[in-house]
Structures are given as C-alpha cells and as structure tokens.
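Per-entry structural report
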Amino acid sequence: MPRKRFDLTFPPNRATKPITYHLVKDYDLTPNILRAQIQPGQEGRMLLEITGPRESFDAGVAFLEAEGITVQPAATDIKLHEDACVLCGLCTAVCRPAALMMDAETGALLFDKEKCVYCEACVVACPRRAVTLSF
Amino acid sequence: MAKTWDEINARIASGEAVVMTAEEFGSLAADEGLKAAARKVDVVTTGTFGPMCSSGVVLNFGHSDPPIRMGQITLNDVDAYGGLAAVDTYLGVTQPSRTKGIEYGGAHVIEDLLRGRAVRLRAWSAGTDCYPRTEIDTWVTIDDLNQAYFFNPRNAYQNYAVAVNTSDRTIHTYLGTLLPHLGNATFCSAGALSPLLNDPTYRTIGVGSRIFVAGAPGYVAWEGTQHNPNQSRDEHGVPVGPAGTLAVIGDLKQASPEFFSAATFTGYGASAFMGIGVPIPVLDEDIAETLALTDADLTATIVDYGVARRSRPSLGHVTYAQLRSGEIEIDGKRVQTGPISSLSKARRIASELKTWITEQGFTLTQPLQLLPQPGSQSTKPLEIRAEEAN
Ligand code: SF4
Ligand code: SF4
C-alpha cells in the first residue's frame with residue numbers, strides 16, 4: 001500500500017473540520033500526524049503521513065484542498081553537509097525521534113536516517129545551516 | 001613540589017615539558033593520584049569552541065587615491081563601524097546584513113575573509129579638505145588589509161546556564177530553540193576542557209597570557225565584559241553559573257576557518273563560534289586539583305528562558321556528565337539535552353595547543369596583571385531612570 005508524506009498549511013482564522021477523522025472514514029486512508037503546529041488565529045502547519053489505497057489519495061487530497069488547506073508533498077530526503085557542520089550538537093536538542101544524537105564519549109554526531117520524520121526542526125535550529133531537506 | 005613559570009618555560013624550551021589536555025590530566029590524576037600527576041605534568045591545555053557573540057575584528061584598509069575618510073562602511077552589505085580614523089573599522093560578528101538580515105552577518109564576512117574570498121567594501125563620506133573622496137566601491141581580500149585582528153570584548157565564559165523553557169510556546173534564543181513545557185535543555189560550556197573552569201580563581205590566566213585564538217597565537221587583553229568573579233562557587237571554588245570572562249586579541253591573518261565559524265541562530269541573530277585555548281602551568285597541587293576536575297565534578301545551573309526577564313528563575317543544578325548523557329531530570333521529568341559548544345573542536349584545540357608547546361616551543365606568559373579576583377566586583381544591572389542622575 002502506498003505511503004506519502006504531505007506538508008499541510010492551514011490558513012489563519014479558519015475553523016477546520018477534524019480532517020484525520022474524515023480521511024479515515026470517508027476515504028479509507030490512514031493518516032499519521034508527524035508534527036503539528038496549530039494555534040488559533042495563526043497560520044498552522046502539519047506534517048501528515050498518509051497510507052492507503054492509491055485510488056483514494058487524490059480524493060483525500062482534493063478534500064483537504066476544498067477545506068482551504070494547502071497541500072504540498074513533504075520532504076523525503078535529508079542531507080547533512082559535513083563540511084559546514086561544526087559538531088556543536090544543537091540539532092540533537094530539537095530532534096524528538098532521536099535521529100540525531102551526540103556520542104557522549106567521542107563528541108561525534110550520529111545520524112540515523114531511518115528514524116527521521118522530516119520535521120525540519122534541525123534545519124531551523126542548525127546555526128551552520130548544515131542540514132537541508134529535499135524532495 | 002611547587003614549580004615556577006621559569007622552570008616550566010625552560011623545560012618547554014628544551015623540549016622536555018610534559019603537556020597534557022585537561023581531559024588527559026583528569027584521567028592521569030584518577031589513575032595515579034593528584035600528587036603524582038602534579039609532579040609529572042608541567043602544562044595542561046584547555047579549549048572551547050562555542051558561540052561568542054561579543055567578538056569582532058579590527059581592520060585597516062589602506063588609503064585610496066584620492067583618499068576618503070570612511071564615515072559609513074559596509075562589507076558585503078554588512079555595516080562596520082565608521083567612528084574611527086579614516087580607514088580603520090571594527091566589524092562585530094552579530095551585525096546583520098542590510099539585505100540578507102541575520103542569515104549573513106559580520107561573522108560571515110569574517111569567515112569569507114578567512115577563507116581568502118574577496119569581500120565588497122563600500123564606504124561613504126561627506127568629504128573633507130584632506131580626504132576629498134565621498135564614495136568608494138571596491139573589493140578586498142584578507143591579504144590586501146594592513147591589519148586584521150580579533151578584538152573580542154567577551155570570550156570564554158567561565159561556565160554558563162543550562163537553558164530550558166517552561167512556557168507553553170517554542171522560543172528561539174541565543175542558546176538555540178527551546179521547546180515548550182521543558183521539552184529540551186541546551187548547554188554551552190566545554191566543561192572539563194573549559195579554560196576558566198580549570199583555573200577558577202584566575203591565578204594563572206590574566207592580562208598578557210598568551211593563548212590560542214581561532215588557530216592563531218593571541219593574548220588575553222583585559223578582563224572580559226560582564227566579568228563577574230562573585231558568582232556562587234562549589235567546594236572547589238568553581239563557579240556554578242556564568243562568572244569570569246576574557247577579552248582577547250588574536251591575529252585574523254594567522255587564524256584558521258577550522259576554529260572560527262559564522263553562525264545564525266534562527267529568530268535571534270548572527271553570531272560566531274570562536275575557538276579559544278589557554279595553557280595552564282601546573283604550578284602546585286592547588287591548581288592541579290582544579291585541573292583534574294572532570295565533567296562529573298562540574299556543575300551548571302538550569303535556568304528558565306521561558307521567563308523573559310533579567311532574573312530568570314533557576315530550576316536546580318546538574319553536572320556536565322549528566323548533560324552529556326543526552327538526558328537530565330528536572331522535577332521528575334526526563335528532559336532531552338543538546339550541547340551548543342562543540343566537544344570535538346574543544347578537544348582539537350586543546351591538542352593543537354599541546355603541539356604548539358611540545359613541538360613549536362610555545363612558551364607560557366605569566367600575567368602582567370591579574371583579572372579581578374573573587375570578592376572584588378560583581379556585575380551591575382542597568383536601571384531604567386526617568387531623568388539624568390546628578
Ligand atoms: S546543529 Fe548543525 S553544525 Fe551543529 S552538529 Fe548539528 S548539523 Fe552540525
Ligand atoms: S528532520 Fe531533523 S529534527 Fe526532524 S526528525 Fe529528521 S533529523 Fe530529527
């Protein structure tokens with residue numbers, strides 16, 4: 001069954017329906033919220049992973065767009081540019097799934113790509129701009 | 001067993017000096033005892049590589065023909081100070097670009113110069129009889145400059161806070177992104193390798209100490225700004241929060257981009273990672289005792305940056321060993337930690353300095369003047385007054 005990640009942007013001051021509920025019930029899709037930042041009166045962002053039959057994807061996305069949500073494919077690749085990295089470790093403080101970790105003994109940066117949920121937190125936090133996401 | 005500065009320098013000159021990094025010295029003292037370690041080792045090297053916002057460079061451009069008295073100056077669109085003599089300037093690392101904002105600041109200009117890249121220099125002036133030119137637009141590289149040296153008002157903070165955030169929103173600070181509800185904790189000291197934690201009462205590090213500044217030989221120029229020897233101290237006399245600081249000078253022309261890196265803290269500003277290393281003579285067992293302290297012995301104070309006030313509440317103390325483990329406990333809650341200061345670069349600096357001493361005859365200088373000692377002064381706040389005080 002195909003699985004895709006979407007980057008959703010919610011316009012401010014827009015009452016949203018319980019979208020995950022509708023994706024499950026009306027479109028037979030299994031949504032998984034990887035990250036969400038939604039506050040009343042502000043533009044919201046959500047990183048949503050959807051698993052389900054291929055036919056339902058387009059209908060599900062059309063439903064989201066009809067709700068006023070901007071749907072974009074989410075990043076699926078992350079790169080660590082070692083020449084720019086200074087091994088400070090600041091990215092490890094914001095990586096919730098512990099994809100980025102500091103080796104306490106050697107001070108090396110350990111990166112386990114498998115654990116990454118492409119949340120972008122490290123991209124924003126890295127003072128050397130040494131992490132980039134791409135599609 | 002006391003040794004003198006002269007004895008140690010004579011051993012360095014003859015190539016016999018025993019030099020170790022602060023981490024190696026800690027292990028030796030644990031294995032062989034403090035007395036034996038103090039007898040055996042002559043110099044302990046320290047190092048730190050973290051963001052140090054109070055840093056910048058003094059530059060002299062030389063005179064154009066006809067000459068200009070530069071009043072307003074930009075380098076790659078970043079403003080540099082125009083209040084010095086005609087073609088002198090000071091460029092601070094945190095100054096944002098006029099066009100790119102904090103993504104490219106003074107620090108990035110300095111890194112470009114260090115990497116040998118040409119930088120666009122523009123300057124404006126009202127014009128004077130002796131300096132008739134009113135505008136200049138040209139390119140310079142580090143080799144074109146007459147002088148280029150760091151003059152950093154505050155570096156190498158002796159200990160620092162552990163930053164957390166108890167508020168309900170993510171905040172962006174100079175200590176990184178702090179997640180809400182104690183979502184994470186960041187810390188910014190090299191711990192056992194940190195220069196001033198190894199000489200907590202400033203016995204050997206003072207004005208005139210020869211040190212490592214971003215890969216080049218430099219000096220401690222003065223006490224750093226906000227030098228606060230009156231911080232609370234533990235049983236070893238080591239401060240448990242931000243205390244002493246150093247103002248340093250170092251030659252940008254001899255510095256290396258390996259030990260100076262421009263930085264941007266999202267939502268905060270531009271800054272620079274500075275590499276500073278200080279050699280400390282093992283004069284006696286007293287100094288050996290603090291040189292031997294490890295991350296497990298050194299403590300930092302947890303501070304709530306979710307409270308945007310001068311006095312932020314403290315949430316207890318942790319050791320650097322706990323911080324390095326990747327997780328600490330605050331009020332029974334497990335909190336993920338992340339460093340800001342690079343351990344691996346700090347180690348590189350301490351071992352590079354060791355090479356300077358053992359292979360290149362880098363001798364130590366006794367301070368010409370001591371830094372303000374514990375008990376002598378503390379940092380004053382800035383009060384907001386309604387009118388000029390008489
Ligand atoms: S925050 Fe950036 S520079 Fe620091 S360790 Fe992570 S990737 Fe490297
Ligand atoms: S994007 Fe960065 S912070 Fe987010 S999970 Fe991946 S590595 Fe961790």
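It should be noted that the structure appears before, not after, this text.
Residues numbered from 1 in each chain as written. Chains lettered and ligands numbered in written order. Predicted model: local features only at pLDDT ≥ 70, side-chain atom pairs only at ≥ 80, totals over all residues. Heavy atoms only, no water.

1. Regarding the layout of surface pockets
Approximately 1,300 Å³ is the volume attributed to the largest pocket. Every residue lining the largest pocket is counted, 42 residues in all, and those nearest its centre are Y157, Y160, Y174, Q226 and P242 of chain B. Contributions of two or more residues to the lining of the largest pocket are made by β3 (48–51), β12 (147–155), β23 (299–304) and β24 (314–319) of chain B. No other element matches β3 of chain B, which puts 3 residues into the lining of the largest pocket. A per-class count over the lining of the largest pocket returns 19 nonpolar, 18 polar and 5 charged. Taken as a whole, the second largest pocket encloses approximately 780 Å³ of empty space. Looking at the second largest pocket, it is lined by 25 residues, and the ones nearest its centre are R35, A36 and Q37 of chain A together with T170 and L179 of chain B. If you list the elements that add at least two residues to the lining of the second largest pocket, you get β2 (30–37) and α3 (121–125) of chain A. It is β2 of chain A that provides the largest number of residues to the lining of the second largest pocket, a total of 4 residues. Looking at the lining of the second largest pocket residue by residue, the class counts come to 12 nonpolar, 6 polar and 7 charged. (1 Å grid on protein atoms, 1.4 Å probe; cavity = no way out; pocket = protein on both sides within 12 Å on 5 of 7 lines; lining within 4 Å. Points joined across faces, edges and corners; volume = space filled by probe spheres on them. Helix = DSSP H or I, 4+ residues; strand = E, 2+ residues; numbered from the N terminus. Nonpolar A, V, L, I, M, F, W, Y, C, P; charged D, E, K, R; others polar.)

2. A few points about the packing of aromatic side chains
Residues and elements named next belong to chain B. Scanning the entire structure with this criterion turns up 12 aromatic pairs over all chains. Joined through ring pairs, the aromatic side chains of Y157, Y160, Y174, Y268 and Y305 make up one cluster. Lying over the aromatic face of Y104, K100 brings its terminal NZ or CZ to 5.1 Å of the ring centre. A cation sits over an aromatic face here: K345 above F49, 5.2 Å from the ring centre. (Phe/Tyr/Trp six-rings, centres within 6.5 Å; stacked < 30°, edge-to-face > 60°. Lys NZ or Arg CZ within 6 Å of the ring centre and 35° of its normal.)

3. Overview of empty space enclosed by the protein
Residue and element names in this part refer to chain A. A full pass over the atoms with the stated rule returns 4 cavities of 30 Å³ or more. Taken together, 13 residues make up the lining of the largest cavity; nearest its centre are I78, C95, C116, C119 and C122. Looking at the lining of the second largest cavity, its residues break down into 10 nonpolar, 1 polar and 1 charged.

4. Considerations on the sheet that holds β23 of chain B
Either a parallel or an antiparallel arrangement is found when strands of a sheet pair, and the pairing is made through backbone hydrogen bonds. Residues and elements named next belong to chain B. Ordered by their spatial adjacency, 6 strands build an open sheet running β24-β23-β13-β16-β26-β25, and the pairing between neighbours is mixed. Each having just a single partner strand, β24 and β25 (327–330) make up the two edges of the open sheet. Neighbour-to-neighbour, the strand axes of the sheet open up by a mean angle of 30 degrees, direction not taken into account. Pairing geometry for strand β13 (residues 162–164) and strand β16 (residues 184–187), over 2 bridges, is antiparallel. Considered in β16, the bridge of A163 is made with T186. (Pairing = 2+ DSSP bridges. Axes fitted to C-alpha atoms, helices over the stretch in contact; angles between N-to-C directions.)

5. A few points about the interface of chain B and chain A
Interface size is often expressed as the accessible area that is lost when the parts come together. Each partner contributes residues to the interface: chain B has 32 residues there, and chain A has 21 residues. A buried area of about 2,000 Å², summed over both sides, lies between chain B and chain A, and 50% of it is on carbon and sulfur atoms. Between the two partners, chain B and chain A, sit 2 salt bridges. With a shortest N-O distance of 2.7 Å, R129 of chain A and E103 of chain B are connected by a salt bridge. Put simply, the parts of the chain that give the side of chain B that touches chain A at least two residues each are β15 (176–178), β16, β20 (260–265), β26 (333–339) and α8 (343–360) of chain B. (Contact = heavy atoms within 4.5 Å. Buried area = accessible area lost by both parts, 1.4 Å probe. Salt bridge = Lys/Arg side-chain N within 4 Å of Asp/Glu carboxyl O.)

6. Re the pattern of salt bridges
All chains considered together, the criterion is met by 26 salt bridges over all chains. For D77 of chain A, the salt bridge goes to K79 of chain A, with nearest N and O atoms at 3.4 Å.

7. Describing the site of ligand 1
In the vicinity of ligand 1, 13 residues are found, and the nearest of them are C85, C88, G89, C91 and C126 of chain A. Most atoms of ligand 1, that is more than half of them, are within 2 Å of grid points of the second largest cavity. (Near = heavy atom within 4 Å. Sits in = over half its atoms within 2 Å of the grid points.)

8. As for the sheet that holds strand β22 (residues 279–281) of chain B
Residues and elements named next belong to chain B. Read across the open sheet, the 3 strands follow the order β1-β2-β22; overall the sheet is mixed. With one partner strand each, in any of the chains shown, β1 (19–21) and β22 form the two edges of the open sheet. Sheet twist, expressed as the mean angle between neighbouring strand axes with direction ignored, is 30 degrees. Where strand β2 (residues 43–45) meets β22, 3 bridges bridge the pair, whose relative direction is antiparallel. When the bridges of β22 are listed, V44 appears paired with I280.

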